[in-house]
Amino acid sequence: AWKNPMKAKELALSQYKGGSDVIFAPAGASAMGLFDAAEETQKFAIGVDSNQNFVKPGRVLTSMVKHVDNGVYDTIHSVREGKFAAGEVSMGLKEGGVGYSLDDFNKALITPEILKKAEALKQDIITGKIQVPDYYVTKSIPNS
């Protein structure tokens, strides 16, 4: 549920007790329950949509950030240039549509070695060396 932090906390506690160390939080307002569970168990969470590192400093490893601002900017720019074309636009790492957040709330959790590895993986995705599967094409989750 997108608006049930108590249920999310219950589910997260169960996953942490089952051995999970990190849980990704794509669940709207329910993410607050996950963050509470991460704090309670001294485990980690990853925020989503916007930078949520501040919510539980030291417990949110990072946040997967959707750079909607870049999409809006690109759209406005295309209109001003007379090049706007209606339709679906997909913006990944290469296009600046998504990223991760690093700031004062989580930088102590991310070692220079981890950051270097994350940036290398990011570049490998951008250059196409690593192919990220598209669920909407494959209808499957890798390694599931």
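Please refer to the structure placed before this passage.
Described in the following lines is the structure provided in the data block.

What counts, and at which threshold
- Residues numbered from 1 in each chain as written.
- Predicted model: local features only at pLDDT ≥ 70, side-chain atom pairs only at ≥ 80, totals over all residues.
- Heavy atoms only, no water.
- Helix = DSSP H or I, 4+ residues; strand = E, 2+ residues; numbered from the N terminus.
- Buried < 20%, exposed > 50% of the residue type's maximum accessible area, 1.4 Å probe, protein only.
- Contact = heavy atoms within 4.5 Å.
- Areas by Shrake-Rupley, 256 points an atom, 1.4 Å probe, with all protein chains shown as cover.
- Lys, Arg positive; Asp, Glu negative; His and termini not counted.
- Charge placed at Lys NZ, Arg CZ, Asp CG, Glu CD.
- Expected span 1.5 Å × (residues − 1).
- Arc of directions from axis to C-beta.
- Salt bridge = Lys/Arg side-chain N within 4 Å of Asp/Glu carboxyl O.
- Core = buried A, V, L, I, M, F, W, Y, C linked by side-chain atoms within 4.5 Å.

On to the overall build of the protein chain. Regarding its fold elements, the protein chain presents five helices and four strands. Ordered by position in the sequence, the α and β elements of the protein chain form the string α-β-α-β-β-α-β-α-α. Counting the 144 residues in the protein chain, one finds 23% classified as buried. Taking as baseline every contact in the protein chain between residues at least 6 positions apart, the subset at least 24 positions apart corresponds to 45%. Summing over all exposed atoms, the protein chain offers an accessible surface of approximately 10,000 Å²; the carbon and sulfur share of this is 58%. A gap of 2 Å separates the mean positions of the 17 positive and 17 negative side-chain charges of the protein chain.

Among all positions in helix α2 (residues 31-41), only A31, G33, L34, F35, A37 and A38 are buried. Check the buried side of α2 and you find it contacts α1 (5-17), β1 (22-24), β2 (44-49) and β3 (60-66). The positive-phi residue at the C-terminal boundary of α2 is Q42, with phi of around 60°.

With that settled, consider α1. Given a rise of 1.5 Å per residue, 13 residues ought to cover 18 Å, and the 18 Å separating the end C-alpha atoms of α1 matches this to within 8%. Within the sequence span of α1, burial applies to A8, A12, L13 and Y16. Mapping the buried residues of α1 onto a view down its axis gives an arc of 135°, with all of them on the same face. Residues of α1 that are exposed and angled more than 90 degrees away from the buried face: M6 and K17. Where α1 is buried, its residues contact β1, α2 and β2. G19, located one to two residues past α1, shows a positive phi value of around 115°.

Inspection of every chain in the model, using the stated rule, returns seven salt bridges. Across the pair K66 and D49 runs a salt bridge, and its minimum N-O distance is 2.9 Å. Within this pair, whereas K66 is found in strand β3, its partner D49 is found in strand β2, the two being separated by 17 residues in sequence. Here K66 falls in the partly exposed class, since its relative accessible area comes to 44%. Since its relative accessible area comes to 35%, D49 is described here as partly exposed. As a salt-bridge pair, K107 and D104 come within 3.0 Å of each other at their nearest N and O atoms. Each member of the pair, K107 as well as D104, carries the same accessibility label: exposed.

Once that is clear, we can look at the nonpolar core. Within soluble globular proteins, side chains that are nonpolar tend to cluster in buried spots. Formed by A12, L13, Y16, I23, A25, A31, L34, F35, A37, A38, A45 and V60, the largest nonpolar core amounts to 12 residues. Those elements that provide at least two residues to this core are α1 and α2. Counting residues per element, this core draws most heavily on α2, which supplies five residues. Ignoring sequence-local partners within four residues, the contact set of Y16 consists of D21, V22, I23, L34, A37, A38, T41, K43, F44 and A45.

Nothing here speaks to function; it is geometry throughout.
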